[in-house]
Amino acid sequence: MRLVIARCQVDYAGRLTAHLPMATRLLLVKSDGSVSVHSDDRAYKPLNWMSPPCWLIEDGNLWIVENKAGEKLVITIENVIDEVEHDLGAEPGLVKDGVEAHLQELLAEHITTLGEGYSLVRREYPTAIGPVDILARDEGGAAVAVEIKRRGEIDGVEQLTRYLELLNRDPLLAPVQGVFAAQQIKPQARTLAEDRGIRCITLDYDALRGIESDEFRLF
């Protein structure tokens, strides 16, 4: 992983255009090729980014990051304040709560719990910021990203929102709808999700276990 603190401006050109004026920012380059631009606020959320597969070309003080769709992130560096690079090694991944992991497994096996005509694409669908629990297709063939929690809170909605932002950049998937599924969903989380166009579903763990099958599992 490479971290560069630099005074820079950033321009994004794709389906939309965006401009970040000259300021001091953190540039994060990961081993998967992704490049993200961060400020000293917004917690973990970048100001802008390019997800893999993408390619970084450095030409002096100009960084050009381009993906297979032709979208470009152009970073103009005025000066570099600090830079460090380190190999983090293999990531063991997030170990889910036992009930939460089983909910994901059960919902994947009985994907029509989300609605008639739904089909499973795969569990743990990879994104640049971690895997979304389930990627499915609805009865019309549209992609649906599902985030599963034992207790649905605002953090879970924010997590799904970040996944949706990334997935909707993929022309092979977009537009991607969101479903927030949990055994219990707090009112504030439900309000935020629905305001962002994310559907909320309350899962009955005992009922899902009651219809659990012994069929061979691919994932």
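No experiment lies behind these values; they were computed from the predicted model shown. (Residues numbered from 1 in each chain as written. Predicted model: local features only at pLDDT ≥ 70, side-chain atom pairs only at ≥ 80, totals over all residues. Heavy atoms only, no water.)

Engineer: Looking at this model, I keep getting lost on the UniProt feature "domain: Endonuclease NucS N-terminal PH-like" (unreviewed entry) in the protein chain. Mind explaining?
Structural biologist: Under the UniProt annotation, "domain: Endonuclease NucS N-terminal PH-like" (unreviewed entry) lies at residues 2-90. Spanning residues 2-90, this segment combines 0% helix with 65% strand, and its end C-alpha atoms are found 16 Å apart. (UniProt positions renumbered as here; feature names shortened; annotations may be inferred. Helix = DSSP H or I, 4+ residues; strand = E, 2+ residues; numbered from the N terminus.)

Engineer: Even after reading the chapter, I still don't get the pairing of strand E11 (residues 176-185), so can you show me in this structure?
Structural biologist: Looking along a regular strand, one sees side chains alternate from face to face of the sheet. Among the 10 residues of E11, 7 are classified as buried, and the element is accordingly described as predominantly covered. As defined by bridge partners, E11 adjoins strand E12 (residues 199-202) across 4 bridges and the pair is classed as parallel. In the sheet register, Val-179 faces E12, and the bridge partner there is Arg-199. Following the backbone out of E11, through helix H3 (residues 187-195) and into the adjacent parallel E12, one traces a crossover that is right-handed. (Buried < 20%, exposed > 50% of the residue type's maximum accessible area, 1.4 Å probe, protein only. Pairing = 2+ DSSP bridges. Right-handed = clockwise from strand over helix to strand, strands pointing away.)

Engineer: Help me understand the environment of Leu-28, please; the structure alone is not making it clear to me.
Structural biologist: Position of Leu-28 relative to the elements: it lies in strand E2 (residues 17-29). Residues Leu-28 and Asp-206 lie 178 residues apart in sequence; the distance between their C-alpha atoms is 43 Å. Once you skip the residues sitting within four places of it in the chain, Leu-28 turns out to touch Met-1, Arg-2, Leu-3, Ser-34, Val-35, Ser-36 and His-38. (Contact = heavy atoms within 4.5 Å.)

Engineer: How do you make sense of the sheet that holds strand E8 (residues 119-125) when you look at a structure like this?
Structural biologist: Hydrogen bonds along the backbone pair up the strands of a sheet, which may run parallel or antiparallel. Across the sheet, which stays open at both edges, the 5 strands sit in the order E8-E9-E10-E11-E12 with mixed pairing between neighbours. Each edge of the open sheet is held by one strand with a lone partner, namely E8 and E12. With direction set aside, neighbouring strand axes in the sheet form an average angle of 25°. When E8 meets strand E9 (residues 132-137), the two strands line up antiparallel, connected through 5 bridges. Following the sheet pairing, Arg-122 is matched in E9 by Leu-135. Helix-sheet contacts for H3 involve strand E10 (143-152), E11 and E12, and the interaxial angle to E11 is about 170°. (Axes fitted to C-alpha atoms, helices over the stretch in contact; angles between N-to-C directions.)

Engineer: Any chance you could explain the nonpolar core here in plain terms?
Structural biologist: What tends to happen in soluble globular proteins is that the nonpolar side chains get buried as a cluster. Residues Ala-145, Val-157, Leu-167, Leu-173, Val-176, Phe-180 and Ile-198 are the most contacted members of the largest nonpolar core, which totals 20 residues. For this core, the secondary-structure elements that each account for two or more residues are E9, E10, helix H2 (154-167), E11 and H3. Counting residues per element, this core draws most heavily on H2, which supplies 5 residues. Within the second largest apolar cluster, 18 residues are counted, among which are Leu-103, Leu-107, Ala-136 and Tyr-205. (Core = buried A, V, L, I, M, F, W, Y, C linked by side-chain atoms within 4.5 Å.)

Engineer: I keep staring at the side chain of His-38 and nothing clicks. Help me out?
Structural biologist: Relative to the helices and strands, His-38 resides in strand E3 (residues 35-38). Note on His-38: relative accessible area 12%, which makes it buried. Engagement of the side chain of His-38 in a polar contact is seen with the side chain of Ser-36, the distance being 2.9 Å. (Polar contact = N/O pair within 3.5 Å; in protein donor to acceptor, adjacent residues only side chain to side chain.)

Engineer: Could you clarify how one ought to interpret the confidence of the model for the protein chain in this entry?
Structural biologist: Regions with low pLDDT carry predicted coordinates that are not meant to be interpreted in detail. A residue-level look at the protein chain finds 93% of positions with pLDDT of 70 or above and a mean pLDDT of 89. Counting interchain partners and residues more than four positions distant, the pLDDT-below-50 stretch residues 212-219 has 13 contacts. (pLDDT = per-residue confidence, 0-100.)

Engineer: Hey, could you run me through H2 in this one?
Structural biologist: The α-helix advances 3.6 residues per turn, and as a result positions three or four apart in sequence lie on the same side. The terminal C-alpha atoms of H2 lie 20 Å apart, and with 14 residues this matches the ideal 20 Å at 1.5 Å per residue to within 8%. With 10 of 14 residues buried, H2 lies mostly within the body of the structure. Buried-residue contacts for H2 involve strand E4 (48-50), E8, E9, E10, E11 and H3. (Expected span 1.5 Å × (residues − 1).)

Engineer: Just checking my understanding: could you explain the domain arrangement of the protein chain for this structure?
Structural biologist: By convention, interface size is frequently given as the accessible area that disappears when the constituent parts associate. Domains assigned within the protein chain are domain 1 (2-85) and domain 2 (99-209). The C-alpha centroid of domain 2 is placed 29 Å from the C-alpha centroid of domain 1. Domain 1 puts 12 residues into the contact, and the matching count from domain 2 is 9 residues. Both faces combined, the contact of domain 1 with domain 2 buries some 920 Å², and carbon together with sulfur accounts for 47% of it. On the domain 1 side of the interface with domain 2, the three residues burying the most area are Arg-15, Tyr-44 and Trp-49, jointly 47% of the side's total. For the interface between domain 1 and domain 2, the tally reads 1 salt bridge. Two residues, Glu-165 and Lys-45, come together in a salt bridge whose shortest N-O distance is 3.2 Å. (Domains from an automatic or database assignment. Buried area = accessible area lost by both parts, 1.4 Å probe. Salt bridge = Lys/Arg side-chain N within 4 Å of Asp/Glu carboxyl O.)

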